[in-house]
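Architecture and fold: a report
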Amino acid sequence: MATTVARAADVVTFQSGPQRVTMIELFSSEGCSSCPPADDWLNALENKDGLWTKFVPIAWHVDYWDRLGWRDPWAQAAFTKRQYRYSSAWKSQSVYTPGFVLNGGEWRGWSSGKIPATKENGGELRVVVTNAHDVAATFVPDRTMKTPLEIHIALLGVGLSSKVRAGENEGRNLKHSFVVVSHTHAPLISDGKAISARLTLPKINSNAPRLAIAAWVERADTPGPWQAAGGWIK
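Below is a short write-up of the structure. (Residues numbered from 1 in each chain as written. Predicted model: local features only at pLDDT ≥ 70, side-chain atom pairs only at ≥ 80, totals over all residues. Heavy atoms only, no water.)

**Re the overall build of the protein**
The number of helices and strands found in the protein is 2 helices and 16 strands. Scaling as 2.2 N^0.38, a compact globule of 234 residues should have a C-alpha radius of gyration of about 17 Å, and the protein matches this with 17 Å. Judged by the C-alpha coordinates and their principal axes, the protein covers about 55 × 45 × 30 Å. A buried classification covers 54% of the 234 residues belonging to the protein. Within the structure as shown, the protein displays about 11100 Å² of accessible surface, and the carbon and sulfur contribution to it stands at 49%. Here the protein contributes 26 positive and 21 negative side-chain charges, whose respective centroids are spaced 3 Å apart. (Helix = DSSP H or I, 4+ residues; strand = E, 2+ residues; numbered from the N terminus. Rg over C-alpha atoms; globule rule 2.2 N^0.38 Å. Buried < 20%, exposed > 50% of the residue type's maximum accessible area, 1.4 Å probe, protein only. Areas by Shrake-Rupley, 256 points an atom, 1.4 Å probe, with all protein chains shown as cover. Lys, Arg positive; Asp, Glu negative; His and termini not counted. Charge placed at Lys NZ, Arg CZ, Asp CG, Glu CD.)

This is how it looks when you write it as structure tokens:
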């Protein structure tokens, strides 16, 4: 069973099955002239079969290109830090944009247009979002985990646009989807049957035409998802 979504008034529930839902991460920046084709590829996933049910896409905007004169409005130092954590895990000496990560591993095959399928199990993740910012998450692992686990929740802006006035993309109108506009995480605590957590997403003012939630479980000591789920909240 893939991810399912249920709605009741101001409550939205995302439920994965035991099979692993693929998570696609893009590290991007409006200050990077090589990024728009990758952004466009990610944007197009909004209309692709399997969105949320088979794959969850997210875009982290990094801040190290801001030095060229254009400050990316969605970039955060914390997102750059996540990319460096991946780089360290891969024993790499550098980071770059556009940089894709597929299920925690470096992925250079995105331009083929094909998202690799996975038949691995990852455990069952259930996420209940109330009033778009109060989150209750429960995870039932498919195996015994000796390393502490965390739940990560990202609020995603979809259909964003920006007129770039400086830097490598000066004069371009750029469009973005699945952009992380807020992110929080918390340890998952065991109750003897499952592990769970409660979180509150920061309240933000977003001009995004659509908003979505991406949720994933990862080990506390290294980035990369064990299971993911997500869906629309606006």
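Continuing now.
**Let's talk about the side chain of Glu-30**
With respect to the element layout, Glu-30 can be found in the loop between β3 (22-28) and α1 (36-43). Salt bridges are absent for the buried Glu-30, whose nearest opposite-charge side chain, Arg-165, sits at 8.6 Å. For Glu-30, the side chain forms a polar contact with the side chain of Trp-70, separated by 2.9 Å. Among the polar contacts listed, one links the side chain of Glu-30 to the side chain of Ser-162, at a separation of 3.1 Å. Beyond its immediate chain neighbours, meaning those up to four positions away, Glu-30 contacts His-61, Trp-70, Asp-72, Pro-73, Trp-74, Ser-162, Val-164, Asn-169, Leu-174 and His-176. (Salt bridge = Lys/Arg side-chain N within 4 Å of Asp/Glu carboxyl O. Polar contact = N/O pair within 3.5 Å; in protein donor to acceptor, adjacent residues only side chain to side chain. Contact = heavy atoms within 4.5 Å.)

**Observations concerning the pattern of salt bridges**
What the rule picks out here adds up to 7 salt bridges. Between Arg-82 and Glu-25 there is a salt bridge, and its shortest N-O distance comes to 2.9 Å. Remark: Glu-25 occurs in strand β3 and Arg-82 occurs in helix α2 (residues 77-89); sequence separation between them is 57 residues. Just as Arg-82 is buried, Glu-25 falls in that class too. Of the charged contacts in the structure, one is a salt bridge between Arg-143 and Asp-142, with a shortest N-O distance of 3.1 Å. Salt bridges here are not isolated pairs; linked through shared partners, they connect Glu-25, Arg-82 and Glu-218.

**Description of the packing of aromatic side chains**
By the definition in use, this model includes 14 aromatic pairs. Ring geometry for Trp-52 versus Trp-232: centroids 5.5 Å apart, planes at 90°, classification edge-to-face. With Trp-52 in the loop between α1 and β4 (55-61) and Trp-232 in strand β16 (residues 225-232), the pair connects residues that are 180 residues apart, well separated along the chain. We classify Trp-52 as buried; its relative accessible area is 5%. Relative to Phe-79, the ring of Trp-60 has its centre 5.0 Å away and its plane inclined at 65°; by these criteria the two rings are edge-to-face. Taken together, the residues Trp-60 in strand β4 and Phe-79 in helix α2 connect sequence positions 19 residues apart. The pair Trp-60 / Phe-79 is uniform in exposure class, with both members buried. Lying over the aromatic face of Trp-65, Arg-67 brings its terminal NZ or CZ to 5.5 Å of the ring centre. Sitting over the ring of Trp-232, Arg-210 keeps its end group 3.6 Å from the ring centre. (Phe/Tyr/Trp six-rings, centres within 6.5 Å; stacked < 30°, edge-to-face > 60°. Lys NZ or Arg CZ within 6 Å of the ring centre and 35° of its normal.)

**Regarding unusual backbone geometry**
Following Thr-97, the chain continues to Pro-98 via a peptide bond in cis, the omega torsion being -10°. With respect to the helices, strands and loops of the structure, Pro-98 is situated in the loop between α2 and β5 (99-102). Within the chain, Lys-91 stands out as a residue other than glycine whose phi angle is a positive 60°. Mapped onto the fold, Lys-91 is located in the loop between α2 and β5.

**Looking at the nonpolar core**
Formed by 70 residues in total, the largest nonpolar core has its most connected members in Ile-24 and Ile-151. With residues up to four places along the chain from it excluded, the contact list for Ile-24 reads Trp-41, Leu-42, Leu-45, Phe-55, Val-56, Pro-57, Ile-58, Phe-100, Val-101, Leu-102, Trp-107 and Ile-115. (Core = buried A, V, L, I, M, F, W, Y, C linked by side-chain atoms within 4.5 Å.)

**Points about the environment of Thr-222**
Topologically, Thr-222 is positioned in the loop between β15 (210-219) and β16. When near neighbours in sequence (up to four residues on either side) are disregarded, Thr-222 contacts Arg-85 and Ala-89.

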